Amino acid sequence: MAEEAEEQNTETTRPEFPVGRVKKIMKLDEDINKVTSEALFVVSRSTELFLRFLAEKSAEAAIEKKRKTIKLGDMRVAVKMHRPTSDFLLDSLPLPIQSLDRPATGKARSRPAVEKPLPVGTRRIDRFFHKPENEVPVEIEDD
C-alpha cells in the first residue's frame, strides 16, 4: 500500500517540461559538464512552479483591470510587485508597445533603447532559441 502511494506521488510531481530540452539549456553554461537527474528534476520543477506563480500574478493584475486576457503590461505589473523576480526579470521583459491609434503619453523616444551591458561572467541564451541564419531547411520526402 505504501508503494502505491509513493508511485502516485511521483507521477503527480513529474515535471511538465521536456527533460532533454531543460538539460540542453542547462548545459549551455560552460561551467556545467554533467547534470544529475536530481538536479534536472529540481530545475524543471522550479521552473514550472515559477511560471505558474508568474501566470497567477499576471492573471490577478488583468482581473483588477476587469479583463480576461493577460497582456504584457499585466506581466510587468506582476514582476514589479514581487521583488526577487523584478531584480532579474524586469530588464528582460520587452517594453509595452504603444498602439498607433492612441497618442503616446509621456516622453516620446526618438532613439531605440540601448541594451544594458551584462555583468561580468554572465551570458545570454537568446541565440539558443533562434535558428541559425545559414541553416538550410531539411526536406522530407514522402514515400
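A short tour of the structure in this document, coming up. Computed from a predicted structure; not experimentally measured. (Residues numbered from 1 in each chain as written. Predicted model: local features only at pLDDT ≥ 70, side-chain atom pairs only at ≥ 80, totals over all residues. Heavy atoms only, no water.)

**Considerations on the nonpolar core**
No. 1: Membership of the largest hydrophobic core is limited to five residues, which are L54, A78, V79, L89 and L93.
No. 2: Every residue in contact with L89, bar those within four places of it in the chain, is listed here: F50, L54 and V79. (Core = buried A, V, L, I, M, F, W, Y, C linked by side-chain atoms within 4.5 Å. Buried < 20%, exposed > 50% of the residue type's maximum accessible area, 1.4 Å probe, protein only. Contact = heavy atoms within 4.5 Å.)

**Description of the pattern of salt bridges**
No. 1: Taken as a whole and assessed by the stated rule, the structure comprises five salt bridges.
No. 2: For R52, the salt bridge identified is with E48, shortest N-O distance 3.5 Å. Of this pair, R52 and E48 both sit in helix α3 (residues 37-64), four residues apart, which is roughly one turn of the helix.
No. 3: Take E48: its relative accessible area is 8%, and that puts it in the buried class.
No. 4: In this structure, D74 and K65 form a salt bridge, with 3.8 Å as the shortest nitrogen-oxygen distance.
No. 5: The buried category is assigned to D74, whose relative accessible area is 0%.
No. 6: Under the relative-accessibility criterion, K65 is labelled partly exposed at 48%.
No. 7: A single network of salt bridges, built from pairs that share partners, joins R45, E48 and R52. (Salt bridge = Lys/Arg side-chain N within 4 Å of Asp/Glu carboxyl O. Helix = DSSP H or I, 4+ residues; strand = E, 2+ residues; numbered from the N terminus.)

**Here we look at unusual backbone geometry**
No. 1: Positioned with a positive phi, K66 is a non-glycine residue whose angle comes to about 60°.
No. 2: Locating K66 in the fold gives a position in the loop between α3 and α4 (72-81).

**Concerning the packing of helix α2 (residues 19-26) against α3**
No. 1: Between α2 and α3, the least distance of the axes is 10 Å, while the angle of their chain directions is 100°. Here α3 runs roughly perpendicular to α2, going by the angle between their axes. Contact residues: α2 offers V19, V22, K23 and M26, while α3 offers L40, V43 and S44.
No. 2: Residue composition of the contact of α2 with α3, grouped by class: five nonpolar, one polar and one charged. (Axes fitted to C-alpha atoms, helices over the stretch in contact; angles between N-to-C directions. Parallel < 35°, antiparallel > 145°, perpendicular 65-115°, else oblique. Nonpolar A, V, L, I, M, F, W, Y, C, P; charged D, E, K, R; others polar.)

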